[in-house]
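Listed below are the residues making up each chain.
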Amino acid sequence: MNAPRLRSALGRLAFALLSAAVLVVFSEKLYWYVTGYSVLDLLVGYFFPAFVLLWVVDTFRVRRLAPLFLAAAVFGFVAEGMLTNTLYEGGPLAWFSVSYTPLAWHAPLSVVFGWWWLRRELLAGQMRRVALGCAAVGILWGLWALAWWLPENVADPVLLAQGARLGRWPVADFALHAFTFTGLLALAHGLLGRGGWRASFRPSWIEVALVAAGLLLFFGTLVLPSYPWAPLRLLVLVGGTFGALYVNKRREPPGSALSELAGPVPARRLLTLAAMPAAAVAVYAIAGAVEPSADVITVITAFGLVLGTAVLGWVAFVAALVTTLRG
């Protein structure tokens, strides 16, 4: 590989890793904050679905919200269906696991909000909107954190075996965690704007082969032994989504959101992201003072933030499919 091609490949590697850092904050650290500060293994794992996301956005000329949600859904299907087996929990006919978390969390929160919307608003200098959006997500973060106060989650044997720090944290500890990973989010968005972003994402066949091999390694070792029928569900979901995205590609002119979101974000604008952990810590502290019952927490988290978002995830996915196909 000659020097220009090597530089291009390294640039795409950096782009995918920095995008993975953004996605990890929302997909993992807002959700599994009880696992603490480990992040390197997550970056390695999320590099693969992040690479797929960038390729899908560029290849299918994704620039509008509906096809973007479909590209985000592919990211969620790959993350939950190839890196782990949660896409298949409940059996072949259990479609709840298809939405929660790929469509209910990864797609709207990690990709649409954290990777696309935040960057768009930061570049445009819409700091009031950034602050309000971050505060809203921070409230969601704080409410979801209460789920780990429930007795059944405090005693989760799998997470305990992994060394997770379950139960209620001191507010100062939760705040340190929240601001630390918001700092990682700000750093990733800052570096993406300082040469890490690419206006197009067209990897070589060697890069594609290596990423495919990595995904198949995860899939073959972590998924297939427990769910031998998994390829069928994955192909139906990803194939159907690609079909709608292909229609989008035929209608759109060359280019994608990648070219539209290129450019540096001034460091002072990134400070506005602090509204997210500030709101999360405020909710966490208020809950600690009020001490809601387990029943109240269950209603908020299990029914509202799990069942409710699972239904909304399917609604958003179907709406994105219809809107994209109808143009």
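Here the structure is a predicted model, which is why all the values come from computation and not from measurement.

### Regarding the overall build of the protein chain
Inference 1: Secondary structure summary: the protein chain contains 14 helices and 0 strands in total.
Inference 2: The helix and strand sequence of the protein chain, counted from the amino end, reads α-α-α-α-α-α-α-α-α-α-α-α-α-α.
Inference 3: In summary, the protein chain has a C-alpha radius of gyration of 19 Å against a globular reference of 20 Å for 327 residues, a match within 12%.
Inference 4: On the principal axes, the C-alpha backbone points of the protein chain span a range of 60 × 50 × 40 Å.
Inference 5: Scored against the burial criterion, the 327 residues of the protein chain give a buried share of 52%.
Inference 6: Looking at the protein chain as shown, the accessible area adds up to about 14400 Å², and 69% of this sits on carbon and sulfur atoms.
Inference 7: Charge separation in the protein chain, taken as the distance between the mean sites of 23 positive and 14 negative side-chain charges, equals 17 Å.

### Side note on helix α10 (residues 230–251)
Inference 1: Across its 22 residues, α10 extends 32 Å between first and last C-alpha, which sits within 8% of the 32 Å expected from 1.5 Å per residue.
Inference 2: Restricting attention to buried positions, one finds in α10 the residues A230, R233, L234, L237, V238, T241, A244, L245 and N248. For α10, the arc enclosing every buried residue in end-on projection is 120°, short of the 170-degree limit, so these residues lie on one face. Along α10, exposed side chains directed more than 90 degrees from the buried face belong to L232, L235, V236 and R250.
Inference 3: Those residues of α10 hidden inside the fold are in contact with α2 (40–59), α3 (65–81), α4 (96–124), α9 (205–223) and α14 (294–326).

### A word on the packing of α3 against α14
Inference 1: In the contact formed by α3 and α14, the axes pass within 8 Å of each other and the chain directions differ by 130°. Considering the angle they form, α3 stands oblique to α14. The handedness of the crossing between α3 and α14 is left-handed. The segment α3 lies against α14, with A66, P67, F69, L70, A73 and F77 engaging G313, A316, F317, A320, L321, T323 and T324.
Inference 2: Partitioning the contact of α3 with α14 into residue classes produces 10 nonpolar, 3 polar and no charged.

### A few points about a nonpolar patch on the surface
Inference 1: Taken together, the side chains of L6, L10, L13 and L17 present a nonpolar region at the surface, about 320 Å² in accessible area.
Inference 2: Along the chain, L17 falls in helix α1 (residues 3–29).
Inference 3: Among the residues examined, L17 registers a relative accessible area of 36% and is labelled partly exposed.

### So, the environment of T35
Inference 1: Positionally, T35 belongs in the loop between α1 and α2.
Inference 2: Look at T35 and you get partly exposed, because its relative accessible area is 32%.
Inference 3: A sequence separation of 124 residues divides T35 from L159, and the C-alpha atoms of the two residues are 8.1 Å apart.
Inference 4: Within the structure, the side chain of T35 is placed 2.7 Å from the backbone oxygen of W32, a separation counted as a polar contact.

### Regarding the pattern of salt bridges
Inference 1: Enumeration over the complete set of coordinates arrives at 9 salt bridges.
Inference 2: Note that R12 is salt-bridged to E207, the shortest N-O span being 2.6 Å. Of this pair, R12 sits in helix α1 while E207 sits in helix α9; the two residues are 195 residues apart in sequence, bridging distant segments of the chain. For the pair R12 and E207, a shared accessibility class is recorded, and that class is buried.
Inference 3: Here R129 makes a salt bridge to E121, at a shortest N to O gap of 3.6 Å.
Inference 4: R129 sits in the partly exposed class, given a relative accessible area of 41%.
Inference 5: It is possible to trace a salt-bridge network through shared partners that takes in R63, R64, E252 and E260.

### Details of the side chain of E121
Inference 1: Turning to its location among the elements, E121 is positioned in helix α4.
Inference 2: For E121, the side chain forms a polar contact with the side chain of R120, separated by 2.9 Å.
Inference 3: Ignoring anything within four residues of it in the chain, the contact list for E121 reads Q126, R129 and V130.

### What to know about the environment of Y227
Inference 1: Summarising the element assignment, Y227 is placed in the loop between α9 and α10.
Inference 2: Ignoring sequence-local partners within four residues, the contact set of Y227 consists of N85, Y88 and E89.

### Observations concerning α9
Since there are 3.6 residues in each turn of an α-helix, residues three or four apart along the chain are aligned in direction.
Inference 1: The end-to-end C-alpha distance of α9, which contains 19 residues, comes to 25 Å, matching closely the 27 Å that a straight helix rising 1.5 Å per residue would cover.
Inference 2: The set of residues buried in α9 consists of E207, V211, G214, L215, F219 and V223. All buried residues of α9 project into a common sector of 130° when viewed along the axis, lining one side. Along α9, the residues that are exposed and aim more than 90 degrees away from the buried face are W205, L210, L216 and L217.
Inference 3: Tucked into the core, α9 has its buried residues touching α1, α2, α3 and α10.

### Focus on the nonpolar core
Inference 1: The biggest cluster of nonpolar side chains holds 112 residues, and the ones touching the most others in it are F26, Y33, F77, W115, L118, W144 and F174.
Inference 2: In terms of residue count, the dominant contributor to this core is α4 (15 residues).
Inference 3: Residues in contact with F26, not counting those within four places in the same chain, are Y31, W105, L109, S110, F113, G114, L118, V137, L185 and M276.

Rules behind the numbers
- Residues numbered from 1 in each chain as written.
- Predicted model: local features only at pLDDT ≥ 70, side-chain atom pairs only at ≥ 80, totals over all residues.
- Heavy atoms only, no water.
- Helix = DSSP H or I, 4+ residues; strand = E, 2+ residues; numbered from the N terminus.
- Rg over C-alpha atoms; globule rule 2.2 N^0.38 Å.
- Buried < 20%, exposed > 50% of the residue type's maximum accessible area, 1.4 Å probe, protein only.
- Areas by Shrake-Rupley, 256 points an atom, 1.4 Å probe, with all protein chains shown as cover.
- Lys, Arg positive; Asp, Glu negative; His and termini not counted.
- Charge placed at Lys NZ, Arg CZ, Asp CG, Glu CD.
- Expected span 1.5 Å × (residues − 1).
- Arc of directions from axis to C-beta.
- Contact = heavy atoms within 4.5 Å.
- Axes fitted to C-alpha atoms, helices over the stretch in contact; angles between N-to-C directions.
- Parallel < 35°, antiparallel > 145°, perpendicular 65-115°, else oblique.
- Left-handed = near helix turned anticlockwise from the far one by under 90°.
- Nonpolar A, V, L, I, M, F, W, Y, C, P; charged D, E, K, R; others polar.
- Patch = residues over 30% accessible without salt bridge, like charges linked within 9 Å, V, L, I, M, F, W, Y side chains within 5 Å.
- Salt bridge = Lys/Arg side-chain N within 4 Å of Asp/Glu carboxyl O.
- Polar contact = N/O pair within 3.5 Å; in protein donor to acceptor, adjacent residues only side chain to side chain.
- Core = buried A, V, L, I, M, F, W, Y, C linked by side-chain atoms within 4.5 Å.

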